[in-house]
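# Coordinate inspection notes
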Amino acid sequence: MTQHTIPGHQASPALEAIFRSHPDFAAFVAPYGDLYKVDAFGYLQQAARKAQLAEKTQSAEKTQSAEKAQLAEQGEKKRGAVVLVTADTPLKASRGEGKTTTTIALIDALRARGVDAAAVLRQPSMGITAAGSKGGASGGGKASLAHAQLADWGLTGEMSRIADAQNLLVAFCEKAVDDGILDRILIPRVSETPSRSLRRIAVDAGKLEEKTVITPASEMMQIVVLSRSQEEVSRRVRGMIAGTKAGKPVMVADFVDVDRIVNVLGNALQPAYMETVQGSPVYIHCGPFANVSLGIPGLAAIDLACALHDLVVVEAGYGADAGAQKWIDVAAREYGAQWPAAAVVVTRASTWQDDPALRWRYPFHVRRLEGLGIPTFPLINLWEGEDSHIPALRQTAQSLGFRQPMMGNLFRDGGEGIANQLDDFLSAISAQHQSSISISQDSSSRKGRPIMDNLSQIISEAYGVPAERIKSKDGFDQSLHEARDLAAQAGLNLDDLAVCAIKSPATMTDNDALPEGQRTVTLKKVSINAGSGIVGVNLTTSLTTPMPKIV
């Protein structure tokens, strides 16, 4: 049996198993400290070329038996099913429900059941998670990454490189002001360590207005998340609106050598390969904070995992009203990501039960995803001392008409805590695959529809508020007009951009504690990221610069 080695490193059993199934993959994996970086773009492009060649060869019926054997030895590209892990809306913005812990426990449990499963996680935001507000974002206890600190402290590399690239671009914009190319800069500086005092600043002795946003909220992050090739990254960066001159938009491509920006991104374009403490494969790439941006991992990382594994568990940010909404309405509808074959909605027992006024949110999330044709499984993430709650929780789940819920103290027990609860889950995924209904009839793009119609549908479906109870804050209409005018002058139709709601992670409406018939959503302002193809709409309480708690 061939042993695939990486210079200076011995592949782990899980990685060696991937190499055996996909021998070409080893050439695209390189050491990066205590983890690995994967050239996902390169591997997927090579796999696509081989698939095209094989198709041409087969159609011409010219393939010789030796060539067929060679192709078989190289392994076939898989098309793994995607399972989306999302959560209840947390009671507090700084508190998680346990999505990453669940994602890790789930793949460990699936692999214990003989399923070739892997996870794709987002790179945590060091300024918040590692500073202690959420205790990290790489799982916990028996359901954690083997080198959790590398992810929590941003040492997989994406955050710093993305920040450097966008800040270099801002430096070019400042030089463009000196050269008379711009008189206003629209690309913000970014910082991985948040500071609300920098949200709006005056520089150059007050002559020039700029602002700073947290790195996950940056347009450069969106571009890296959505791109499937280096050429696409370059095209999207060229399409960014750098600023204005006499009120007219000026594009980055008009004065910047974009290759210099892409070179700074470097291996931020490459997912990190890591493993759980139980040895299950995990790919980490980009994209936290679905309240201020997309909140999903890089699509190339997910495509890579789907090419290598049968079942790919994808973590989306915050609750089902945030990360799952972005996955469905942005990633899947507009950018070709796979429609979920199933979803898991995580909650703490305390989140579900403690506040009667907010208890409606969890069943709402589960039913909404089911209504989209996605088999949706509740998962109750138990804490110490809550095992005795299981009978009552099961009874409540049954009364709500849920599928059989999964429950366990995953921090304590890891995947072992749910391995024997996966029968219904696996059956549902298999049924979706066999009946070819994993793509919902409602998964088609909404680009080109009037933005207000698109917004109304998102707010109705994801937050439960009908169009007649959508309000506008003073200045919203003017903001919408300015965004539409800026887009038009840049040669874009605002309605062709994908809508990204910017909101508080802890609320779905202006006041979730109100009775259903009184809940409202308030629209605040509109902004466009032309390079990433995103139109952002701030609504309700927009917590755009989360701050770490002092520890």
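This structure is a prediction, so every number in the text was calculated from the model and none was measured.

With that settled, consider the overall build of the protein chain. Along its length, the protein chain carries 19 helices and 23 strands. When burial is assessed residue by residue, the protein chain has 57% of its 551 residues classed as buried. A fraction of 74% describes how many contacts in the protein chain between residues 6 or more apart in sequence connect residues 24 or more apart. Accessible surface, the protein chain: about 22,000 Å² in total, of which carbon and sulfur atoms supply 49%.

The geometry of helix H12 (residues 320–335) relative to helix H14 (residues 361–371) is characterised by a closest axis approach of 11 Å and an angle of 10° between their N-to-C directions. One way to sum up the angle between H12 and H14 is to call them roughly parallel. Every residue of H14 that contacts H12 at Ala-320, Asp-321, Gln-325, Ile-328 and Asp-329 is listed here: His-365, Arg-368 and Leu-369. Looking at the contact of H12 with H14, its residues break down into three nonpolar, two polar and three charged.

This brings us to unusual backbone geometry. When glycine is set aside, most residues are seen to have a negative phi, and most peptide bonds are trans. The residue Ala-246 is not glycine, and still its phi comes out positive at about 55°. Ala-246 gets classed as exposed once you look at its relative accessible area, which sits at 64%. Unlike most non-glycine residues, Tyr-318 shows phi in positive territory, near 50°. When you line up the elements, Tyr-318 lands in the loop between strand E16 (311–315) and H12.

So, on to the pattern of salt bridges. For the coordinates displayed, the defined rule picks out 23 salt bridges. Between Glu-370 and Arg-403 there is a salt bridge whose closest N-O contact spans 2.5 Å. Here Arg-403 lies in the loop between helix H15 (390–399) and strand E19 (406–408) and Glu-370 lies in helix H14, a separation of 33 residues in the sequence. According to the relative accessible area criterion, Arg-403 is partly exposed, its value standing at 32%. The network of salt bridges with shared partners includes Asp-329, Arg-333, Arg-368, Arg-446 and Glu-461.

Within strand E3 (residues 81–87), seven of the seven residues are buried, which leaves the element mostly enclosed by the surrounding structure. A two-sided burial pattern is seen for E3, the buried positions comprising Ala-81, Val-83, Val-85 and Ala-87 on one face and Val-82, Leu-84 and Thr-86 on the other. Here E3 runs beside E16; their pairing, made up of five bridges, is parallel. Considered in E16, the bridge of Leu-84 is made with Val-314. In the sheet, E3 pairs with strand E17 (residues 342–348) via five bridges, with the strands oriented parallel. Its bridge partner lying in E17, Val-83 is registered against Ala-342.

Right, let's get into the sheet that holds strand E20 (residues 470–472). Across the sheet, which stays open at both edges, the four strands sit in the order E20-E22-E23-E21 with mixed pairing between neighbours. What marks the edges here is a single partner per strand, and that holds for E20 and strand E21 (498–502). Averaged over all pairs of adjacent strands, the angle between their axes in this sheet comes to 40°, without regard to strand direction. Pairing between E20 and strand E22 (residues 521–529): three bridges, direction parallel.

Ranked by size, the top nonpolar core spans 95 residues in total, and within it Phe-25, Met-220, Val-237, Val-252, Tyr-283, Leu-299 and Trp-327 carry the most contacts. Looking at which element gives the most residues to this core, the answer is helix H11 (residues 299–308), with nine residues. Once you skip the residues sitting within four places of it in the chain, Tyr-283 turns out to touch Ile-18, Ala-118, Ala-119, Val-120, Leu-121, Ala-272, Tyr-273, Leu-304, Ala-305, Leu-308 and His-309. Counting residues in hydrophobic clusters, the runner-up holds 39 residues, among them Leu-35, Ala-342, Phe-425 and Ile-429.

Turning our attention to the sheet that holds strand E4 (residues 117–121). The strand order across the open sheet formed by 10 strands is E1-E2-E14-E15-E4-E16-E3-E17-E18-E19, and the pairing between neighbours is mixed. Pairing within the sheet leaves two strands with one partner each, and these edge strands are strand E1 (29–32) and E19. Ignoring strand direction, the axes of neighbouring strands in this sheet form an average angle of 25°. In terms of strand pairing, E4 meets E16 through four bridges, oriented parallel. Opposite Ala-118, over in E16, you have Val-312 as the bridge partner. Of the strands in this sheet, E1, strand E2 (35–38), strand E14 (272–275) and strand E15 (281–284) are in contact with helix H1 (residues 13–21), which crosses E14 at around 125°. Each of E3 and E16 touches H12; the most contacted strand, E3, lies at about 160° to it.

Turning next to the packing of aromatic side chains. Considering all chains together, one arrives at nine aromatic pairs under this definition. Where Phe-19 meets Phe-25, the ring centres are 5.9 Å apart and the plane angle is 50°; that geometry is what we call tilted. Here Phe-19 and Phe-25 have matching classes, each one buried. The rings of Phe-19, Phe-25, Phe-28 and Tyr-43 are connected pair by pair, giving a single aromatic cluster. A cation sits over an aromatic face here: Lys-447 above Tyr-335, 4.5 Å from the ring centre. Taking the ring centre of Trp-360 as reference, the NZ or CZ of Arg-519 above it sits at 3.6 Å.

The next point concerns the environment of Gln-353. Here Gln-353 is to be found in helix H13 (residues 349–353). You can call Gln-353 partly exposed: its relative accessible area is 32%. Distance from Gln-353 to Leu-393, taken between C-alpha atoms, is 9.5 Å for residues 40 residues apart in sequence. With sequence-adjacent residues up to four places away left out, Gln-353 is seen in contact with Arg-359, His-389 and Leu-393.

Right, let's get into H12. Three or four residues apart is the spacing at which side chains of an α-helix point the same way, because the helix has 3.6 residues per turn. Spanning 16 residues, H12 covers only 19 Å between terminal C-alpha atoms, well under the ideal 22 Å at 1.5 Å per step. Bending of H12 peaks at approximately 30° at the position of Trp-327. Taken across its 16 residues, H12 has 16 buried, putting it largely inside the fold. Where H12 terminates, the next one or two residues include Gly-336, which has phi positive at roughly 75°.

Glancing now at the packing of H12 against helix H18 (residues 451–463). Running from N to C, H12 and H18 point in directions that differ by 135°, and their axes come no closer than 11 Å. As the angle between them shows, H12 and H18 are arranged oblique. Pair H12 / H18 crosses with right-handed handedness. Packed against H12, whose contacting residues are Asp-321, Gln-325, Asp-329 and Arg-333, the element H18 presents Ile-458, Glu-461, Ala-462 and Tyr-463 at the interface. Each residue belonging to the contact of H12 with H18 can be placed in one class, and the counts come to three nonpolar, one polar and four charged.

What counts and how
- Residues numbered from 1 in each chain as written.
- Predicted model: local features only at pLDDT ≥ 70, side-chain atom pairs only at ≥ 80, totals over all residues.
- Heavy atoms only, no water.
- Helix = DSSP H or I, 4+ residues; strand = E, 2+ residues; numbered from the N terminus.
- Buried < 20%, exposed > 50% of the residue type's maximum accessible area, 1.4 Å probe, protein only.
- Contact = heavy atoms within 4.5 Å.
- Areas by Shrake-Rupley, 256 points an atom, 1.4 Å probe, with all protein chains shown as cover.
- Axes fitted to C-alpha atoms, helices over the stretch in contact; angles between N-to-C directions.
- Parallel < 35°, antiparallel > 145°, perpendicular 65-115°, else oblique.
- Nonpolar A, V, L, I, M, F, W, Y, C, P; charged D, E, K, R; others polar.
- Salt bridge = Lys/Arg side-chain N within 4 Å of Asp/Glu carboxyl O.
- Pairing = 2+ DSSP bridges.
- Core = buried A, V, L, I, M, F, W, Y, C linked by side-chain atoms within 4.5 Å.
- Phe/Tyr/Trp six-rings, centres within 6.5 Å; stacked < 30°, edge-to-face > 60°.
- Lys NZ or Arg CZ within 6 Å of the ring centre and 35° of its normal.
- Expected span 1.5 Å × (residues − 1).
- Bend = angle between axes of the 7 residues up to and from the residue.
- Left-handed = near helix turned anticlockwise from the far one by under 90°.

By themselves, these are just geometric observations and shouldn't be taken as functional.
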